[in-house]
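Chain and residue survey
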Amino acid sequence: MAARIFMVLSAAILLTLGAMHLSLTFWGTGLTPRDPALQISMSRISPVLTDETTMWRCWTGFNATHSMALILFGLIYGYLALAHPQLLFRSTFLLLVGLAALVSLTVICKLYFFRSPLIGVSISLFFYIASVALSWVEPYFKKAT
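Now for a quick tour of the structure. Quick caveat, the model's predicted, so the values are computed rather than measured.

1. Some thoughts on the layout of surface pockets
Looking at the largest pocket, its volume works out to about 560 Å³. Those elements that provide at least two residues to the lining of the largest pocket are helix H1 (2–27), helix H3 (55–83), helix H5 (92–112) and helix H6 (115–144). The element best represented in the lining of the largest pocket is H3, accounting for 6 residues. Each residue belonging to the lining of the largest pocket can be placed in one class, and the counts come to 14 nonpolar, 6 polar and no charged. Estimates place the volume of the second largest pocket at around 330 Å³. In this structure, the second largest pocket is lined by 12 residues; those nearest its centre are Pro85, Gln86, Phe89, Ser135 and Glu138. Among the elements of the structure, H1, helix H4 (85–89) and H6 are those that each provide at least two residues to the lining of the second largest pocket. Here the lining of the second largest pocket is built from residues that sort into 6 nonpolar, 2 polar and 4 charged.

This is the structure we're talking about:
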């Protein structure tokens, strides 16, 4: 039971971070440049790859898809922990994919973001690892009682 709770906590943190990031992407000013001229310039300039979009539209799209990925992780792993814990905790594939995603997010946060996302993702990673570890040892405690 503790493994499921920790997995839900891990998932809920990413779901919350993703939802907050998505709201800032479309309705807040937290992800806009401090210099308004930069946003105007980004709205006029296309990336080298294509002239079908602008750097500002790419920026918005990258932030939106980043948010959606966090939300998706939170929804899938939270749902599996609550509704299908045997499937989740017996699947080496799902556990490794989740771990790889969280470790990668932690490294990206450390290298490219700021303290708040790093703290949130690190706590999520801690709960995830604790959840997996507990899922391995919980059956032994049940046998002993």
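2. Some remarks on the environment of alanine 101
Inspection of the secondary structure assignment puts alanine 101 in helix H5. Residue alanine 101 is classed as partly exposed on the basis of its relative accessible area of 28%. With 28 residues separating them in the primary sequence, alanine 101 and phenylalanine 73 have C-alpha atoms 8.8 Å apart.

3. Brief notes about the packing of H3 against H5
Where H3 contacts H5, the axes come no closer than 12 Å and their chain directions differ by 145°. The two elements H3 and H5 meet at a crossing, and its hand is left-handed. Of H5, the residues touching H3 (which contributes His66, Leu70, Phe73, Tyr77 and Leu80) are Leu94, Val97, Gly98, Ala101, Leu102 and Leu105. Along the lines of polarity and charge, the residues of the contact of H3 with H5 split into 9 nonpolar, 2 polar and no charged.

4. Focus on the nonpolar core
Formed by 20 residues in total, the largest nonpolar core has its most connected members in Met7, Leu14, Tyr77, Leu88, Leu95 and Tyr128. Elements with a contribution of two residues or more to this core: H1, H3, H4, H5 and H6. Once residues within four sequence positions are removed from consideration, leucine 14 is found in contact with Leu70, Ile71, Phe73, Leu102, Leu105, Val121 and Ser124.

5. Examining a nonpolar patch on the surface
On the surface, Val103, Val107, Ile108, Leu111, Tyr112, Phe113 and Phe114 cluster together into a nonpolar patch covering about 720 Å² of accessible area. A residue is classified by how much of its surface remains accessible, and phenylalanine 114, at 57% relative accessible area, is exposed.

6. Observations regarding the packing of H1 against H3
For the pair H1 and H3, the least separation of the axes is 7 Å and the interaxial angle reads 155°. Considering the angle they form, H1 stands roughly antiparallel to H3. Here H1 and H3 pass one another in a crossing that is left-handed. Here the contact of H1 with H3 is composed, by residue class, of 17 nonpolar, 9 polar and 1 charged.

7. Digging into the side chain of threonine 60
Take threonine 60: it is sitting in helix H3. Once you skip the residues sitting within four places of it in the chain, threonine 60 turns out to touch Thr25 and Phe26.

Reading guide: rules and limits
Residues numbered from 1 in each chain as written. Predicted model: local features only at pLDDT ≥ 70, side-chain atom pairs only at ≥ 80, totals over all residues. Heavy atoms only, no water. 1 Å grid on protein atoms, 1.4 Å probe; cavity = no way out; pocket = protein on both sides within 12 Å on 5 of 7 lines; lining within 4 Å. Points joined across faces, edges and corners; volume = space filled by probe spheres on them. Helix = DSSP H or I, 4+ residues; strand = E, 2+ residues; numbered from the N terminus. Nonpolar A, V, L, I, M, F, W, Y, C, P; charged D, E, K, R; others polar. Buried < 20%, exposed > 50% of the residue type's maximum accessible area, 1.4 Å probe, protein only. Axes fitted to C-alpha atoms, helices over the stretch in contact; angles between N-to-C directions. Left-handed = near helix turned anticlockwise from the far one by under 90°. Contact = heavy atoms within 4.5 Å. Core = buried A, V, L, I, M, F, W, Y, C linked by side-chain atoms within 4.5 Å. Patch = residues over 30% accessible without salt bridge, like charges linked within 9 Å, V, L, I, M, F, W, Y side chains within 5 Å. Areas by Shrake-Rupley, 256 points an atom, 1.4 Å probe, with all protein chains shown as cover. Salt bridge = Lys/Arg side-chain N within 4 Å of Asp/Glu carboxyl O. Parallel < 35°, antiparallel > 145°, perpendicular 65-115°, else oblique.

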